[in-house]
Amino acid sequence: MAMVFDAPDFDNHELVLFGRDADTGLSAIIAVHSTALGPACGGCRMWPYASEGEAVRDVLRLSRGMSYKNAMAGLPLGGGKSVIIGDSRKDKSEALFRAFGQVIDSLGGRYIAAEDVGITVADVMAMGKSTKHVAGLSKGHDASGDPSPFTAYGVYLGIKAAFAHKFGNDSLKGVRVAVQGLGNVGSHLCQRLADDGAVLLVSDIHADNVKRAMDRFGAIAVDPAAIHAAEADIFAPCALGAVLDERTVPQLKAKVVAGGANNQLATDDIGELVRQAGILYAPDYVINGGGIINVSAEVTQAYDRDSVLRQVERIPHTLTDIFRRADREGRPTSAIADQMARERLSAARQTRLAAE
Ligand code: NAD
């Protein structure tokens, strides 16, 4: 257990649960960072982690990110996340997801799971056969469906806000955008960017996804190892985390980084490196909040698509406030967002304590 409590990313998590089911081959971890604002809600990721330590680190970072994301989106939800260790193209079965549903259920509603990398609406529906603590469903009362179009919409609006802050106008016509990752979020984002006349440079580790983007959007394929350094105005990470680090930041040509991926900064101090390089970074958990805003409407049982869209449309305003404050204070945008999120969490904890 020392691996968890001593992990730099542990950051006072309320709970970390390891779940195993020998019959289905399930190995999963659920992390609940904070329930100060409400039940912890965050996606489940399925990924073939190279080691258990890597999976623990990922789930802890993602879970804290959800606390910050939900706080910044003004949602009545806490932060949590889960990972299933496995290859989403090979290791899925209905029984595996049902077994994972039982692990979620054992927390009695303290954690609510939805979709993330490698997990589809159908997978969440399968988990839902063993627990009611899932969201992002395709059927049922207040079902909100796939969150990724809403995530992509918020990212698109956030890209425009970041571009406008950096360059003084928000037209993306002819603007070169490098999109890393062409999954649920990346592909919906490409559609919106292409509709606005942006030039797309794209990469994915799966060739079929790249081919589809080339056919549909006239996108230019870039080697996955070089996409961050592409000759682009905007870099939009939409794959996995830790894409910005001491090696990659000096190689960036783009002056704006704004994308849907969680945990884009390998470590918190990379935010300052990005600032010093004159690059405007849209904090990931603020720009990619559209999906959880949609899921939240299902959790709170008041699903209304128009009201969800109105909430998503606040994302660019929140980002612009962060950009301006970062300029005024000469600090990284990531540090400003972290501070704002922590203040909101701390206020919620105080209110809860006072009510007890
Ligand atoms: P996804 O699994 O549908 O897509 C991820 C894509 O990235 C896949 O096509 C994968 O092949 C590709 N990829 C992986 N490693 C890569 C690499 N090194 N280079 C290029 N491509 C690579 O997942 P998604 O739902 O689109 O999520 C993408 C990111 O957005 C994740 O970080 C996720 O946590 C975050 N996010 C998603 C949502 C949502 O609504 N789905 C919401 C908030 C944040």
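Residues numbered from 1 in each chain as written. Predicted model: local features only at pLDDT ≥ 70, side-chain atom pairs only at ≥ 80, totals over all residues. Heavy atoms only, no water.

### Focus on the overall build of the protein chain
Line of reasoning, step 1. Check the secondary structure of the protein chain and you find 13 helices and 11 strands.
Line of reasoning, step 2. Here the C-alpha atoms of the protein chain give a radius of gyration of 19 Å, agreeing with the 21 Å that 2.2 N^0.38 yields for 356 residues.
Line of reasoning, step 3. Once the C-alpha set of the protein chain is aligned to its principal axes, its extents read approximately 50 × 50 × 45 Å.
Line of reasoning, step 4. When each of the 356 residues of the protein chain is scored for burial, the buried share is 56%.
Line of reasoning, step 5. A separation threshold of at least 6 residues defines the contact pool for the protein chain, and within that pool the share at least 24 residues apart is 66%.
Line of reasoning, step 6. Here the protein chain has roughly 14800 Å² of accessible surface; of this, 50% comes from carbon and sulfur atoms.
Line of reasoning, step 7. Counting 38 positive and 43 negative side-chain charges, the protein chain places the averaged centre of each group 3 Å from the other. (Helix = DSSP H or I, 4+ residues; strand = E, 2+ residues; numbered from the N terminus. Rg over C-alpha atoms; globule rule 2.2 N^0.38 Å. Buried < 20%, exposed > 50% of the residue type's maximum accessible area, 1.4 Å probe, protein only. Contact = heavy atoms within 4.5 Å. Areas by Shrake-Rupley, 256 points an atom, 1.4 Å probe, with all protein chains shown as cover. Lys, Arg positive; Asp, Glu negative; His and termini not counted. Charge placed at Lys NZ, Arg CZ, Asp CG, Glu CD.)

### Quick notes on the site of the ligand
Line of reasoning, step 1. The environment of the ligand is formed by 26 residues, the closest being D116, T151, D204, A239 and N262.
Line of reasoning, step 2. Side-chain polar atom of D116 to an oxygen atom of the ligand: 2.7 Å apart, as the coordinates give it.
Line of reasoning, step 3. A distance of 3.2 Å is found between an oxygen atom of the ligand and a backbone nitrogen or oxygen belonging to G260.
Line of reasoning, step 4. When isolated, the ligand has an accessible area of 830 Å², and the protein chains bury 89% of it.
Line of reasoning, step 5. Mapped by element, the contributors of at least two residues to the shell around the ligand are helix 5 (148–167) and helix 6 (184–195).
Line of reasoning, step 6. For the shell around the ligand, the class distribution of residues is nine nonpolar, 13 polar and four charged.
Line of reasoning, step 7. Two domains each provide a minimum of three residues to the shell around the ligand, namely domain 1 (4–65 + 80–128) and domain 2 (147–289 + 316–338). (Near = heavy atom within 4 Å. Polar contact = N/O pair within 3.5 Å; in protein donor to acceptor, adjacent residues only side chain to side chain. Nonpolar A, V, L, I, M, F, W, Y, C, P; charged D, E, K, R; others polar. Domains from an automatic or database assignment.)

### A few points about the sheet that holds strand 10 (residues 256–257)
Line of reasoning, step 1. Taken in spatial order, the six strands of this open sheet run 8-7-6-9-10-11, and their pairing is parallel. In this open sheet, the two strands that pair with only one neighbour each are strand 8 (220–221) and strand 11 (280–281). (Pairing = 2+ DSSP bridges.)

### Let's talk about helix 7 (residues 207–217)
Because each turn of an α-helix spans 3.6 residues, side chains separated by three or four positions end up pointing in the same direction.
Line of reasoning, step 1. Within helix 7 the residues assigned to the buried category are N209, V210, A213 and F217. Considered in projection along helix 7, the buried side chains sweep an arc of 100 degrees and stay on one side of the axis. What points out from helix 7, more than 90 degrees from its buried face, is the exposed set A207 and D215.
Line of reasoning, step 2. Where the residues of helix 7 are buried, they touch helix 6, strand 7 (199–203) and strand 8. (Arc of directions from axis to C-beta.)

### A look at the domain arrangement of the protein chain
For an interface, size is often stated in terms of accessible area lost upon the parts coming together.
Line of reasoning, step 1. Domain parsing of the protein chain yields domain 1 (4–65 + 80–128) and domain 2 (147–289 + 316–338).
Line of reasoning, step 2. The C-alpha centroid of domain 2 is placed 26 Å from the C-alpha centroid of domain 1.
Line of reasoning, step 3. Counting from both sides, the interface comprises 12 residues of domain 1 and, opposite them, 13 residues of domain 2.
Line of reasoning, step 4. Taking both partners together, domain 1 and domain 2 bury about 1000 Å²; carbon and sulfur atoms supply 42% of that area.
Line of reasoning, step 5. Considering only the surface of domain 1 that becomes buried against domain 2, W47, R61 and R89 emerge as the three largest contributors, covering 47% of it.
Line of reasoning, step 6. Where domain 1 touches domain 2, the interface holds two salt bridges.
Line of reasoning, step 7. We note a salt bridge from D268 to R64, for which the minimum N-O separation is 3.7 Å.
Line of reasoning, step 8. For the pair domain 1 and domain 2, the interface holds two residue pairs in polar contact (both at pLDDT 80 or more).
Line of reasoning, step 9. Listed by contribution, the elements that provide at least two residues to the side of domain 1 that touches domain 2 are strand 3 (40–47) and helix 2 (52–72).
Line of reasoning, step 10. With five residues, the top contributor of residues to the side of domain 1 that touches domain 2 is helix 2.
Line of reasoning, step 11. Of the residues contributing to the side of domain 1 that touches domain 2, the split by class is three nonpolar, one polar and eight charged. (Buried area = accessible area lost by both parts, 1.4 Å probe. Salt bridge = Lys/Arg side-chain N within 4 Å of Asp/Glu carboxyl O.)

### Observations regarding the packing of helix 2 against helix 13 (residues 333–355)
Line of reasoning, step 1. Their axes nearest at 9 Å, the elements helix 2 and helix 13 cross at an angle of 80 degrees. With respect to their mutual orientation, helix 2 and helix 13 come out roughly perpendicular. Between helix 2 and helix 13, the contacting residues are S67, Y68, A71 and M72 on the first element and A337, D338, M340, A341, R342, R344 and L345 on the second.
Line of reasoning, step 2. Here the residues of the contact of helix 2 with helix 13 are counted per class, giving seven nonpolar, one polar and three charged. (Axes fitted to C-alpha atoms, helices over the stretch in contact; angles between N-to-C directions. Parallel < 35°, antiparallel > 145°, perpendicular 65-115°, else oblique.)

### Considerations on the packing of helix 12 (residues 315–329) against helix 13
Line of reasoning, step 1. In the contact formed by helix 12 and helix 13, the axes pass within 9 Å of each other and the chain directions differ by 115 degrees. Here helix 12 is positioned roughly perpendicular relative to helix 13, judged by the angle of their axes. As helix 12 packs across helix 13, the resulting crossing turns out to be right-handed. Across the interface between the two elements, I322, F323, R325, A326 and E329 from helix 12 touch T333, I336, A337, Q339 and M340 from helix 13.
Line of reasoning, step 2. Across the contact of helix 12 with helix 13, the residue classes break down as six nonpolar, two polar and two charged. (Left-handed = near helix turned anticlockwise from the far one by under 90°.)

### Description of the UniProt feature "binding site: NAD(+)" (unreviewed entry) in the protein chain
Line of reasoning, step 1. Under the present numbering, the feature "binding site: NAD(+)" (unreviewed entry) in UniProt falls on G181, L182, G183, N184, V185 and G186.
Line of reasoning, step 2. The residue G181 is located in the loop between strand 6 (176–180) and helix 6 in this model.
Line of reasoning, step 3. Residue G181 is classed as buried on the basis of its relative accessible area of 5%.
Line of reasoning, step 4. What G181 contacts, discounting residues up to four positions off in sequence, is G186, S203, D204, C238 and A239.
Line of reasoning, step 5. Tracing the chain through its elements places N184 in helix 6.
Line of reasoning, step 6. Residue classification places N184 among the partly exposed positions, given a relative accessible area of 44%. (UniProt positions renumbered as here; feature names shortened; annotations may be inferred.)

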